[in-house]
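Here are the chains, one letter per residue:
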Amino acid sequence: MKFKRQLFGFMDMLRFKKMVPTRRKMLAEGPNTPLPQEYRTNVLAKKLHPGYMQVELTAARFVTNTMRELTFKRVDTEEFPFFRAGQYVSIQMKIGDSVVSRPYSIVSTPRQALENKLVLAVENAGFVSGYLNEKAKIGDRFVMTEPSGEFHYETLRDNHHIVCIAGGSGITPFMSMAGSLADGDEPYSMTLFYGARTAAQLAYKAELDALTARCKDLKVVYVLSDEEQAGCEKGFISAELMKKYTDLTDATFFLCGPQAMYDFVDKELAPLNLPKKAMRRDATCCGDLPMEHPGAFKLTVHMRDEVYVLPAKENETLLTSMERAGLNAPNKCRAGGCGFCHSKWLSGSYRVADGRDGRREADRKFGFIHPCVTYPLQDMEIDVPVAY
Ligand code: FES
């Protein structure tokens, strides 16, 4: 077979011939300076995803009789990473012999993070929250995880109009979302229904009213179940009440509050036949199971080169058992969703909390578990990475 020699192919050959000397010349003319130790991309990645942060409590005040607002600054560097309004951080500390942590939604806005300010609000409920609510002092230092979580607006997934429903302390992520909207950093319009028993239990009412006054895309409706108050609705956040203030079609719903509120709102919105993606719920931590006589077991934990044997209870998660024993086990959401506590199962049967199994199929198949949502059914042995 005969090939016709193409002119362009011939030119390519000529260029190829010159390539090596041209490269040699350019290398010889190049600067002799050593390559940078850190590349800009890596510096930026570290800034946005610092992993763990060292923080200090700089201010505290009560925003209701029972809810305490805590303001933190970073002490390992001079700003918090930018985050998505609605996300949470997990704060970690030592109380007695235990190393404990809890996730809290961020109240402050992403812009404030760049001013080295991050605000949380904590109800006086439970071991860790009770400590932060009553005992944490200005100047105390803590370890905090970087902001995480999927409870935030996503342009490609969510409708332009979002209907947010808050119950009690569930107002916290919506403060950040409303503040960020008023700062001009979000593309949505927001109608917030905020339910509480009495007006005294409405946290941040003055701040929300001020945000509403400066942002035309934000509307807030206060709903009190136990008393009549001017400027507030009386009753519960029913579909009928919501329809009075906004169009419920073509909206994405964000819910944060107690389980009873989720159940009620689910029933109210059922006739709308909303697609699953139109309903977003903030995950709550996986707590103790109600059991009268929980079994007592032995939990063997491998952490790097160490092996610990500790007591575990049938109604407590493996993470709780490790924290009580003072082990520094990694965790963030405590709800089975983030995968940060991902550990290797070695032996012993267990149960996973209902509806909380966020493991990938491969993890299930190859014996990985999330200790934050796993309860022992007998003696167990697991291999856990060290948090930091
Ligand atoms: S801490 Fe998030 S899955 Fe366990």
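Just above, that's the structure.
Description of the structure in this document. Computed from a prediction, not measured in an experiment: that's the story for all the values here.

## Describing the overall build of the chain
Step number 1: Helix and strand content of the chain: ten helices and 19 strands.
Step number 2: Taken along the three principal axes of its C-alpha coordinates, the chain extends 90 × 60 × 55 Å.
Step number 3: Here the chain, with 388 residues, has 47% of them falling under the buried criterion.
Step number 4: When contacts within the chain are restricted to residue pairs at least 6 apart in sequence, those whose partners lie at least 24 apart make up 69%.
Step number 5: Accessible area of the chain: about 21400 Å², with a carbon and sulfur share of 54%.
Step number 6: Measuring between centres, the 51 positive side-chain charges of the chain sit 10 Å from its 48 negative side-chain charges.

## With respect to a nonpolar patch on the surface
Step number 1: The grouping of Leu44, Leu48, Phe82 and Leu114 at the surface amounts to a nonpolar patch, some 360 Å² of accessible area in total.
Step number 2: Considering the arrangement of structural elements, one finds Leu44 in helix H2 (residues 40–48).

## A closer look at the side chain of Glu69
Step number 1: Its location among the elements puts Glu69 in strand S2 (residues 67–74).
Step number 2: A residue is classified by how much of its surface remains accessible, and Glu69, at 10% relative accessible area, is buried.
Step number 3: In contact with Glu69, not counting residues within four places along its chain, are Ala59, Ala60, Arg61, Val63, Val119, Leu120, Ala121 and Tyr204.

## Description of the pairing of strand S8 (residues 189–196)
Step number 1: Burial of S8 is extensive: eight of the eight residues sit out of reach of the surface.
Step number 2: Both faces of S8 are covered, namely the face carrying Ser189, Thr191, Phe193 and Gly195 and the face carrying Met190, Leu192, Tyr194 and Ala196.
Step number 3: Sheet topology places strand S7 (residues 161–167) next to S8; seven bridges connect them, and they run parallel. Among the inter-strand pairings, Ala166 is bridged to a residue of S8, identified as Tyr194.
Step number 4: With helix H5 (residues 172–182) bridging S7 and its parallel neighbour S8, the resulting β-α-β unit is right-handed.

## Examining empty space enclosed by the protein
Step number 1: Counted under the stated rule, the structure contains one cavity of 30 Å³ or more.
Step number 2: In this structure, the largest cavity is lined by Gln92, Val99, Val100, Ser101, Glu323, Leu327, Asn328, Ala329 and Asn331.
Step number 3: A per-class count over the lining of the largest cavity returns four nonpolar, four polar and one charged.
Step number 4: Shared between two domains, the lining of the largest cavity takes at least three residues from each, and those domains are domain 1 (44–145) and domain 3 (296–383).

## Topic: the sheet that holds strand S3 (residues 88–95)
Step number 1: With respect to topology, six strands assemble into an open sheet ordered S4-S3-S6-S1-S2-S5, the strand pairing being antiparallel. Sheet topology places strand S4 (98–105) and strand S5 (118–123) at the edges, where each strand pairs with a single neighbour. The mean angle between the axes of side-by-side strands here comes to 40°, regardless of whether they run parallel or antiparallel.
Step number 2: Pairing of S3 with strand S6 (residues 141–145) involves two bridges; the strand directions are antiparallel. Looking across to S6, one finds that Ile91 is bridged to Met144.

Calculation criteria
- Residues numbered from 1 in each chain as written.
- Predicted model: local features only at pLDDT ≥ 70, side-chain atom pairs only at ≥ 80, totals over all residues.
- Heavy atoms only, no water.
- Helix = DSSP H or I, 4+ residues; strand = E, 2+ residues; numbered from the N terminus.
- Buried < 20%, exposed > 50% of the residue type's maximum accessible area, 1.4 Å probe, protein only.
- Contact = heavy atoms within 4.5 Å.
- Areas by Shrake-Rupley, 256 points an atom, 1.4 Å probe, with all protein chains shown as cover.
- Lys, Arg positive; Asp, Glu negative; His and termini not counted.
- Charge placed at Lys NZ, Arg CZ, Asp CG, Glu CD.
- Patch = residues over 30% accessible without salt bridge, like charges linked within 9 Å, V, L, I, M, F, W, Y side chains within 5 Å.
- Salt bridge = Lys/Arg side-chain N within 4 Å of Asp/Glu carboxyl O.
- Pairing = 2+ DSSP bridges.
- Right-handed = clockwise from strand over helix to strand, strands pointing away.
- 1 Å grid on protein atoms, 1.4 Å probe; cavity = no way out; pocket = protein on both sides within 12 Å on 5 of 7 lines; lining within 4 Å.
- Points joined across faces, edges and corners; volume = space filled by probe spheres on them.
- Nonpolar A, V, L, I, M, F, W, Y, C, P; charged D, E, K, R; others polar.
- Domains from an automatic or database assignment.
- Axes fitted to C-alpha atoms, helices over the stretch in contact; angles between N-to-C directions.

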